[in-house]
Amino acid sequence: MLVVYEGIFITTMAFHLEGTPTIAIFGDSHVRRLEEQVLGRLSIHPCVTKFIGFDGLTAGDDTPRAIGMREEAMKELLSCQADFVVVSVGGNDICPEFGARQVFRRIWALVTRIKQTGAVVYVTGIIPRLDVSKGRGIQRTSYEKIRRAASTMLKERLKGHYIPLPFHLQSDLGKDGVHLTVSGALKFSAQIESILCRDRPEWVLHY
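Here we summarise the structure given alongside this text. (Residues numbered from 1 in each chain as written. Predicted model: local features only at pLDDT ≥ 70, side-chain atom pairs only at ≥ 80, totals over all residues. Heavy atoms only, no water.)

1. Let's talk about the state of the cysteines
Within the structure shown, the criterion is met by zero disulfides. Cysteine cysteine 80 is unpaired, with the sulfur of cysteine 47 as its nearest cysteine sulfur at 13 Å. With relative accessibility at 10%, the residue cysteine 80 sits in the buried group. (Disulfide = S-S within 2.5 Å. Buried < 20%, exposed > 50% of the residue type's maximum accessible area, 1.4 Å probe, protein only.)

2. A closer look at the packing of helix H2 (residues 64-80) against helix H3 (residues 100-115)
Running from N to C, H2 and H3 point in directions that differ by 30°, and their axes come no closer than 12 Å. Judged by the angle between their axes, H2 and H3 are roughly parallel. As for how H2 packs across H3, the hand of that crossing is right-handed. Between H2, through Arg70, Glu71, Met74 and Leu77, and H3, the contact on the second element is made entirely by Leu110, Arg113 and Ile114. (Axes fitted to C-alpha atoms, helices over the stretch in contact; angles between N-to-C directions. Helix = DSSP H or I, 4+ residues; strand = E, 2+ residues; numbered from the N terminus. Parallel < 35°, antiparallel > 145°, perpendicular 65-115°, else oblique. Left-handed = near helix turned anticlockwise from the far one by under 90°. Contact = heavy atoms within 4.5 Å.)

3. Remarks on the packing of aromatic side chains
Taken as a whole and assessed by the stated rule, the structure comprises two aromatic pairs. Here phenylalanine 84 and tryptophan 203 contribute two aromatic rings whose centre-to-centre distance is 5.0 Å and whose plane-to-plane angle is 85°, an arrangement assigned as edge-to-face. Residue phenylalanine 84 is found in strand S6 (residues 84-88), and its partner tryptophan 203 is found in the loop between helix H5 (182-199) and strand S9 (204-205); the two are separated by 119 residues along the sequence. Considered together, phenylalanine 84 and tryptophan 203 belong to a single accessibility category, that of buried residues. Residues phenylalanine 104 and tryptophan 108 carry aromatic rings whose centres are separated by 6.2 Å and whose planes lie at 15° to one another, so their mutual orientation is stacked. (Phe/Tyr/Trp six-rings, centres within 6.5 Å; stacked < 30°, edge-to-face > 60°.)

Below, the structure is given as structure tokens:
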């Protein structure tokens, strides 16, 4: 994949030099789309960015398909040997059968597993939805209640390693009511960049 860095076209692989930190953005279809919307990288220097996004990825669904997808995503994460991982999941785990605490526990179990790789882990809030028709019968008000509560639990547990969503992100959802527009994706990526650089003043933002 080609990206532009300081006016020069190079591949994202070219960043991966010895001693260069690798940041992996790990999650569901939001992450896959984010890679396209930000041209394959965050604006943090010096860092390699790796996007690991799978449509329909869940933090803890135990169906064979969901387990297989999660294992494939974890295998890809291990292969990139990320120093920092930003986890963005949860929307696909919200359903009528689970309350906020079960959703939180699913995400926390995944975070714990990723921490075992030695990476520093951050977690974003769960992205809102206007259309919950694929949520196994859940109503939008219930989805939003669970989303907010589970995100609050993540914030309380993670402290400084929680990445809050930008304000009014719902207004940046696309026509499908689920995925972010380019404007929303840029706000989302800027929020991630801001939190990561806040903790590491030696990193510089290049826009």
